[in-house]
Amino acid sequence: MKNATLQKIIITFILSFLCVSAFQIRLHNFRSSSLRTIDEIVFVKMAKQVAHDVRDYHTIPYGKTLAATGRELPEYFFAPLYKHPPVFTFMAALSMKLFGEKGKSAGYVSIFLSVLMMPLLYWLGALLFDRQVGLLAAILLWFDPVVTMTSQKVWIDTSIAFFTLLAAVLFVYALKNKNDWFFIFSGIASGLAVNTKYPGILITFGMVLYTLFYRRDLFRKGKFFLGLLMPFLMLIPWFMWNIQVYGISALKGHYELTFAIRLFTDKLWLILPVAAILFAVYLFLKRKSIIGHRPPTAAGSTIEPGTSKEKTDELDPGQAKIVLGSYIAVILFILIFIGDSVLKSLHFYYIPVTSWSQGFFANEIPSFYFKRLLEYFFIYIFAYLALFTYHPKEQEQTAFIRISTIVILFFFIAWRNFQCRYILATIPFLILLAANTIKQVYSAICSMETILPRLILRSAFILLIMYSILKVNIINYMLSYTNNMCYF
């Protein structure tokens, strides 16, 4: 009991230190930088407007100022209602009410929410794996350059990532503790994400896919179904506002909404075959009892997936072959498509290129996000191994994290407007998967019976992790903390 209490105290102290230090560093970087992106200026000006009158959710005054300089602007700059739902702007306006009507007050929102993601990620890691994995994930999130750079901007992306992570944590908590009320709370968090920007709905799609594959019994639960509906119900006030301003034709002419629908329909030629293949693989594995299997206990009950006893069970030959094949496939993918990024990640003096030029990454290939994340932080290679390899003994809830990550990544790869901030919602999930893989690899090395190979491999693995953290620190000091970039 005393050891458990001491462990909780130490973890609380470490998480508090991570949160306070991250907030201070990011706030200092935000205050010290004078350059602001146009999106930041837009949100600051709208926050000032809605702080005085909530109906002034538009960019018309700023649009007229820019147009007077001869700058060409999109049509939405002169629309009477801004294109994105208003949650982020309302939070920025509230921050201005509390801390003064100045641009820097709006910056507190992104910084504060990015900091809160650390204890949230710890909680998710403790629910799915154990406290050690959760704490390691929180520490790695503290170092992550993409999270750091995005949180130092008055952008909506950190808010989407926070609400997405919160929705995932509450969803997993409902599954683990069989408390259906948390499905509704998760739906509210998803609703806040989608009311920040429409892609916030992607976590709900991840929940639906997970349920279809693993827990179709949940569809019979009223609270679960209400949780899935909650994001759509919470969008009704925003759509009613659009109808009030534009009329009933608002939904047809809504740029962001119609673009998302068009993107989905245009990619049906790819989505349907991929979905069919994945479903066929699922049915094959289920038929072979390779997934969804519950090893019986001595009392005839079932072992909860992810428990220590299940993890020690040996794989049957069919499972072992599939696991080996998936590892080989992922390693080949890494070597063929992103091998250069592995070398860049390990190169001590390599700093990823960033830019202020619009469309700087417009012509990138679909592997862009996998390459860029790896170049920023070598730790992501462990996330890729966890994401795309087959795990016959994993917890079902862990599959939810992998499915949601793939859904979000696939959407933004199809979107093709490559910017790392767009996939910020996936980064906590990827880091959590990486943390668990790191622990698994280290445990496997430590369990080797031969002393000399065990000592050599353990030392080499520790040095690799330490080198990765040292390298990401260099990137943060040379790049992230300068807050001197728009496209990264």
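The notes below deal with the structure included here. Bear in mind the structure is a predicted one, so any value in this text is a computation, not a measurement.

Reading guide: rules and limits
- Residues numbered from 1 in each chain as written.
- Predicted model: local features only at pLDDT ≥ 70, side-chain atom pairs only at ≥ 80, totals over all residues.
- Heavy atoms only, no water.
- Helix = DSSP H or I, 4+ residues; strand = E, 2+ residues; numbered from the N terminus.
- Buried < 20%, exposed > 50% of the residue type's maximum accessible area, 1.4 Å probe, protein only.
- Areas by Shrake-Rupley, 256 points an atom, 1.4 Å probe, with all protein chains shown as cover.
- Salt bridge = Lys/Arg side-chain N within 4 Å of Asp/Glu carboxyl O.
- Core = buried A, V, L, I, M, F, W, Y, C linked by side-chain atoms within 4.5 Å.
- Contact = heavy atoms within 4.5 Å.
- Phe/Tyr/Trp six-rings, centres within 6.5 Å; stacked < 30°, edge-to-face > 60°.
- Lys NZ or Arg CZ within 6 Å of the ring centre and 35° of its normal.
- Expected span 1.5 Å × (residues − 1).
- 1 Å grid on protein atoms, 1.4 Å probe; cavity = no way out; pocket = protein on both sides within 12 Å on 5 of 7 lines; lining within 4 Å.
- Points joined across faces, edges and corners; volume = space filled by probe spheres on them.
- Nonpolar A, V, L, I, M, F, W, Y, C, P; charged D, E, K, R; others polar.

## Observations concerning the overall build of the chain
Right, on to step 1. Each helix and strand in the chain was counted, giving 22 helices and 0 strands.
Right, on to step 2. The buried share of the chain, reckoned over its 488 residues, is 51%.
Right, on to step 3. With an accessible surface of roughly 23100 Å², the chain has 67% of that area assigned to carbon and sulfur atoms.

## Comments concerning the pattern of salt bridges
Right, on to step 1. Tallying each qualifying case throughout the model produces 9 salt bridges.
Right, on to step 2. Among the salt bridges present, the one from Asp340 reaches Lys371, with a minimum N-O distance of 3.6 Å. One end of the pair, Asp340, is in helix 17 (residues 339–346); the other, Lys371, is in helix 18 (residues 368–376), with 31 residues separating them in the sequence.
Right, on to step 3. For Lys371, a relative accessible area of 17% corresponds to the buried category.
Right, on to step 4. Among the charged side chains, a salt-bridge network with shared partners connects Asp39, Asp157 and Arg421.

## Some details on the nonpolar core
Right, on to step 1. By size, the foremost hydrophobic cluster in this structure holds 144 residues, and its most contacted members are Leu124, Tyr380, Phe400, Phe412 and Ile427.
Right, on to step 2. With 14 residues, helix 5 (residues 103–128) is the largest single contributor of residues to this core.
Right, on to step 3. Those residues in contact with Phe400 that lie beyond four places of it in its chain are Ala168, Phe171, Val172, Ile203, Gly206, Met207 and Tyr210.

## Notes on the packing of aromatic side chains
Right, on to step 1. Across all of its chains, the model carries 45 aromatic pairs by this definition.
Right, on to step 2. Aromatic side chains Phe43 and Phe88 sit 5.2 Å apart centroid to centroid with 85 degrees between the ring planes, which places their arrangement in the edge-to-face category. Of this pair, Phe43 sits in helix 2 (residues 38–52) while Phe88 sits in helix 4 (residues 87–99), and the two are 45 residues apart along the sequence.
Right, on to step 3. Geometrically, the ring pair formed by Phe412 and Tyr422 is stacked, given 5.8 Å between the ring centres and 25 degrees between the ring planes. You can see Phe412 sitting in helix 20 (residues 396–415) and its partner Tyr422 sitting in the loop between helix 20 and helix 21 (427–446), a full 10 residues away along the chain.
Right, on to step 4. Members of the aromatic cluster, connected to one another through ring pairs, are Phe43, Tyr57, Tyr62, Tyr76, Phe77, Tyr82, Phe88, Phe90, Trp238 and Trp241.
Right, on to step 5. Lying across the ring of Phe30, Arg36 places its NZ or CZ 4.2 Å from the centre.
Right, on to step 6. For the cation-ring pair, Lys223 lies above Trp181, with the distance from its terminal atom to the ring centre recorded as 4.8 Å.

## Remarks on helix 1 (residues 2–32)
Right, on to step 1. Taking 1.5 Å per residue as the helical rise, helix 1 with its 31 residues ought to reach 45 Å, and the 45 Å between its terminal C-alpha atoms agrees with that figure.
Right, on to step 2. When we look at burial in helix 1, the residues that qualify are Ile11, Leu15, Leu18, Cys19, Ser21, Ala22, Arg26, Leu27, Asn29 and Phe30.
Right, on to step 3. Of the surrounding secondary structure, the elements contacted by the buried residues of helix 1 are helix 2, helix 5, helix 6 (131–143) and helix 7 (145–151).

## Here's the deal with empty space enclosed by the protein
Right, on to step 1. Counted by the stated rule, this structure contains 2 cavities of 30 Å³ or more.
Right, on to step 2. Counted as a void, the largest cavity has a volume near 120 Å³.
Right, on to step 3. Among the secondary structure elements, those contributing two or more residues to the lining of the largest cavity are helix 8 (157–177), helix 10 (202–214) and helix 20.
Right, on to step 4. A class-by-class count of the residues in the lining of the largest cavity yields 10 nonpolar, 2 polar and 3 charged.
Right, on to step 5. The calculated volume of the second largest cavity comes to roughly 30 Å³.
Right, on to step 6. Lining the second largest cavity we find Phe171, Phe183, Ser186, Gly187, Met207, Phe224, Gly227 and Leu228.
Right, on to step 7. Those elements giving two or more residues to the lining of the second largest cavity turn out to be helix 9 (181–194) and helix 11 (222–246).
Right, on to step 8. Of the residues that constitute the lining of the second largest cavity, the class distribution is 5 nonpolar, 3 polar and no charged.

## Overview of unusual backbone geometry
Right, on to step 1. Backbone geometry places Lys178, a non-glycine residue, at a positive phi of 55 degrees.
Right, on to step 2. Relative to the helices and strands, Lys178 resides in the loop between helix 8 and helix 9.
Right, on to step 3. Positioned with a positive phi, Arg416 is a non-glycine residue whose angle comes to about 70 degrees.
Right, on to step 4. With respect to the secondary-structure elements, Arg416 resides in the loop between helix 20 and helix 21.

## A short note on the environment of Phe411
Right, on to step 1. Assignment of secondary structure puts Phe411 in helix 20.
Right, on to step 2. Along the sequence, Phe411 and Leu202 sit 209 residues apart, while their C-alpha atoms lie 8.4 Å from each other.

## Quick notes on the environment of Leu387
Right, on to step 1. Counting through the fold element by element, Leu387 comes out in helix 19 (residues 380–388).
Right, on to step 2. Overall, the relative accessible area of 2% leaves Leu387 in the buried class.
Right, on to step 3. For the pair formed by Leu387 and Ile401, sequence separation is 14 residues and the distance between their alpha carbons is 9.1 Å.
Right, on to step 4. The residues touching Leu387, leaving out its near neighbours within four places in the chain, are Arg402, Thr405, Ile406, Leu409, Leu430 and Leu433.

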